[in-house]
Amino acid sequence: MNDRRPMLSLDEALARLQAGAAAQAIAESESVSTFDALGRVLAADVCSAIAVPPADNTSMDGYALRAADLAAPGAMLPVSQRIPAGHVGQPLLAGTAARIFTGGQVPPGADAVVLQEHCVPVAGEGLGAVRVDRVPAPGQWIRRRGEDVTQGAVVLVRGQRLTPQALGLAASVGAGTLSVRRRPRVALFSSGDELVMPGEPLRPGAIYNSNRFMLRGLLLAAGCEVSDLGIVPDRLDATRAALRQAALAHDLIVTSGGVSSGEEDHLKPAARAEGQVEDWQIAMKPGKPLAFGRIRRAHGDGKGAGPGDALFIGLPGNPVSSFVTCLLAVSTVLRALQGMAAGLPQAVPLRAAFDWPRPDRRREFLRVRLNDQGALELFPSQSSGVLTSAVWADGLVDNPPGQAIARGDTVRYLPLAALISR
Ligand code: AMP
Ligand code: MG
């Protein structure tokens, strides 16, 4: 069906998604063990009660000493103590050296460490002595107290997703538990009478339901609790019932297929009957039709949708359109629901190793892959039905409307890894 309404820019659509979802951001947080917090979103800043490292310590095995005690290379100093990692020494006696090992606390009075490779131990009474063949600069090989984290510093901020390295940093300041947002609860279903599940025979006219697996994977990768409601037939009553059911216990309902304006497309009429929906034509390719709205939780009160409703996003059915719109639109909603910062990941300017002479007048997201010369190759088919392109690709070129690309031009590259795990 030819739709003549003006198209919405993607930026405008994302801004509306962001605002709609932020208005009903998930308020609940929970305390989880830092051990189990990977991928969760912080509900509160993590502030350090300690300095890291907590005390000056050596970054090398060697001898801690006072630089001023060494007149010249080759000076001999008695060894007055031994300080392995995890031990605290005594204040350093003047004119002596302390044998010290990586991570060991530098004793008060010492101001430098000389590498063991630059020293020769000399046997003798007690711990013996050491010949020091280099004169160190003061401070050499000493990691200062607070060099990583100062006491009282905010090391991780609310709204931040917990990466493995963030968990390491939280642990380094002694945080055994973290306050995180409740995971978004998302209901997912696919619409289409042609869909069958892998494992079943492919009857004439049917195709396998690929979106169910791809979208569920993206939602899980984004840290959601996903309820998979399966395949809903192309009927208004069934679609209404599925939306109504899904609204009850979920923050967000994501569907694929049935959002165009054909008579076999029931998502928008169903969502209108069960709540409210905005019917968007977004100036992007792939992924033009997108429905965004809310589904009433208390069905049948005739009062229209309100803040207690479930959000609803209807994605187009073509697999690549579903993939790209999930990466851009659904993740924008999920981030806003969890109080995360708005915006797409930073695009990287890279050289195109392809020509794209006939651009669309919509903003395009082309499936590309980085080659070993640091330039981008284009997958030969950019059809929205060719899911192979999304597996072959490691990124998308975000191409402005109407912009032709010639080999060698600089284009904007969005890595899929950054889009999937953001
Ligand atoms: P629709 O958005 O329902 O008009 O579907 C557009 C195209 O995507 C049609 O060719 C559908 O067969 C296909 N499609 C819809 N849903 C899925 C799905 N879950 N998996 C694979 N292809 C789908
Ligand atoms: Mg359909």
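Being a predicted model, the structure only gives us computed values, none of them experimental. (Residues numbered from 1 in each chain as written. Chains lettered and ligands numbered in written order. Predicted model: local features only at pLDDT ≥ 70, side-chain atom pairs only at ≥ 80, totals over all residues. Heavy atoms only, no water.)

**Concerning a negative patch on the surface**
On the surface, Asp193, Glu194, Glu263 and Glu264 cluster together into a patch of negative charge. Secondary-structure assignment places Asp193 in the loop between strand 13 (185-191) and strand 14 (195-196). Asp193 sits in the partly exposed class, given a relative accessible area of 41%. (Patch = residues over 30% accessible without salt bridge, like charges linked within 9 Å, V, L, I, M, F, W, Y side chains within 5 Å. Areas by Shrake-Rupley, 256 points an atom, 1.4 Å probe, with all protein chains shown as cover. Salt bridge = Lys/Arg side-chain N within 4 Å of Asp/Glu carboxyl O. Lys, Arg positive; Asp, Glu negative; His and termini not counted. Charge placed at Lys NZ, Arg CZ, Asp CG, Glu CD. Helix = DSSP H or I, 4+ residues; strand = E, 2+ residues; numbered from the N terminus. Buried < 20%, exposed > 50% of the residue type's maximum accessible area, 1.4 Å probe, protein only.)

**Some points on a nonpolar patch on the surface**
A cluster of nonpolar side chains, Met76, Val120 and Val122, forms an exposed patch at the surface whose accessible area comes to about 210 Å². As for its position among the elements, Val122 is in strand 8 (residues 119-122).

**Quick look at the packing of aromatic side chains**
For the coordinates displayed, the defined rule picks out two aromatic pairs. Judged by centre distance (5.7 Å) and plane angle (45 degrees), the rings of Trp280 and Phe292 are tilted. With Trp280 in strand 18 (residues 275-281) and Phe292 in strand 20 (residues 289-295), this residue pair connects regions lying 12 residues apart in the sequence. Each member of the pair, Trp280 as well as Phe292, is classed as buried. (Phe/Tyr/Trp six-rings, centres within 6.5 Å; stacked < 30°, edge-to-face > 60°.)

**What about the domain arrangement of the chain?**
By a widespread convention, an interface's size corresponds to the accessible area lost as its parts come together. Structurally, the chain comprises domain 1 (10-28 + 183-337), domain 2 (30-48 + 155-181), domain 3 (57-143) and domain 4 (348-421). With five residues of domain 1 at the interface, the matching set in domain 2 holds four residues. In this assembly, domain 1 packs against domain 2 so that about 460 Å² is buried in total across both faces, 35% of it on carbon and sulfur atoms. Between the two partners, domain 1 and domain 2, sit zero salt bridges. Tallied by class, the residues present in the side of domain 1 that touches domain 2 amount to three nonpolar, no polar and two charged. (Domains from an automatic or database assignment. Contact = heavy atoms within 4.5 Å. Buried area = accessible area lost by both parts, 1.4 Å probe. Nonpolar A, V, L, I, M, F, W, Y, C, P; charged D, E, K, R; others polar.)

**Details of the nonpolar core**
Within the largest apolar cluster, 46 residues are counted, with the highest numbers of intra-cluster contacts made by Leu252, Ile313, Val330 and Val333. Sorting the residues of this core by element identifies helix 1 (10-22), strand 13, helix 3 (211-221), strand 17 (252-256), strand 20, strand 21 (310-315), helix 6 (319-337) and helix 8 (416-420) as the ones contributing at least two each. With 12 residues, helix 6 is the single largest residue contributor to this core. Summarising the domain contributions, this core has at least three residues from each of domain 1 (10-28 + 183-337) and domain 4 (348-421). (Core = buried A, V, L, I, M, F, W, Y, C linked by side-chain atoms within 4.5 Å.)

**Remarks on the environment of Ser384**
By secondary structure assignment, the location of Ser384 is in the loop between strand 24 (375-378) and helix 7 (388-392). Between the C-alpha atoms of Ser384 and Ser321, which are 63 residues apart in sequence, the distance is 5.7 Å. When sequence neighbours within four positions are dropped, the list of residues in contact with Ser384 reads Pro286, Asn318, Pro319, Val320 and Ser321.

**Some remarks on the sheet that holds strand 16 (residues 225-232)**
Pairing is mixed across the open sheet formed by six strands, whose spatial order is 16-13-17-21-20-18. Only two strands of the sheet have a single neighbouring strand rather than two, namely strand 16 and strand 18. Neighbour to neighbour, the strand axes of the sheet diverge by 15 degrees on average, direction disregarded. Looking at chain direction, strand 13 and strand 16 are connected through six bridges and run parallel. Within the sheet, the bridge partner assigned to Ala187 lies in strand 16 and is Ser227. Across the sheet, helix 4 (residues 236-248) touches strand 13, strand 16, strand 17, strand 20 and strand 21, and the angle it forms with strand 16 is around 170 degrees. (Pairing = 2+ DSSP bridges. Axes fitted to C-alpha atoms, helices over the stretch in contact; angles between N-to-C directions.)

**What to know about the pattern of salt bridges**
Using the criterion set out here, one finds 19 salt bridges in the structure. A salt bridge links Arg212 to Asp228, with the nearest nitrogen and oxygen atoms 2.7 Å apart. One end of the pair, Arg212, is in helix 3; the other, Asp228, is in strand 16, with 16 residues separating them in the sequence. Using a relative accessible area of 17% as the deciding quantity, one classes Arg212 as buried. Since its relative accessible area comes to 30%, Asp228 is described here as partly exposed.

**Observations concerning the site of ligand 1**
Among the 16 residues in the neighbourhood of ligand 1, the closest are listed as Glu194, Asn209, Gly258, Gly317 and Asn318. Contacts to ligand 1 include Ser210, whose backbone N or O atom sits 3.2 Å from a nitrogen atom. Coverage of ligand 1 by the protein chains reaches 77% of its 480 Å² of free accessible surface. For the shell around ligand 1, the secondary-structure elements that each account for two or more residues are strand 13 and strand 15 (207-208). Split into classes, the residues belonging to the shell around ligand 1 amount to four nonpolar, 10 polar and two charged. (Near = heavy atom within 4 Å. Polar contact = N/O pair within 3.5 Å; in protein donor to acceptor, adjacent residues only side chain to side chain.)

**Observations concerning the packing of helix 1 against helix 6**
As a packed pair, helix 1 and helix 6 sit with axes 8 Å apart at the nearest point and diverge in direction by 30 degrees. Between helix 1 and helix 6, the crossing angle belongs to the class labelled roughly parallel. Judged by the twist between their axes, the crossing of helix 1 over helix 6 is right-handed. Two secondary-structure elements touch here, helix 1 through Leu10, Leu14, Leu17, Gln18, Ala21 and Ala22 and helix 6 through Leu328, Ala329, Thr332, Val333, Ala336 and Leu337. Considering only residue class, the contact of helix 1 with helix 6 consists of 10 nonpolar, two polar and no charged. (Parallel < 35°, antiparallel > 145°, perpendicular 65-115°, else oblique. Left-handed = near helix turned anticlockwise from the far one by under 90°.)

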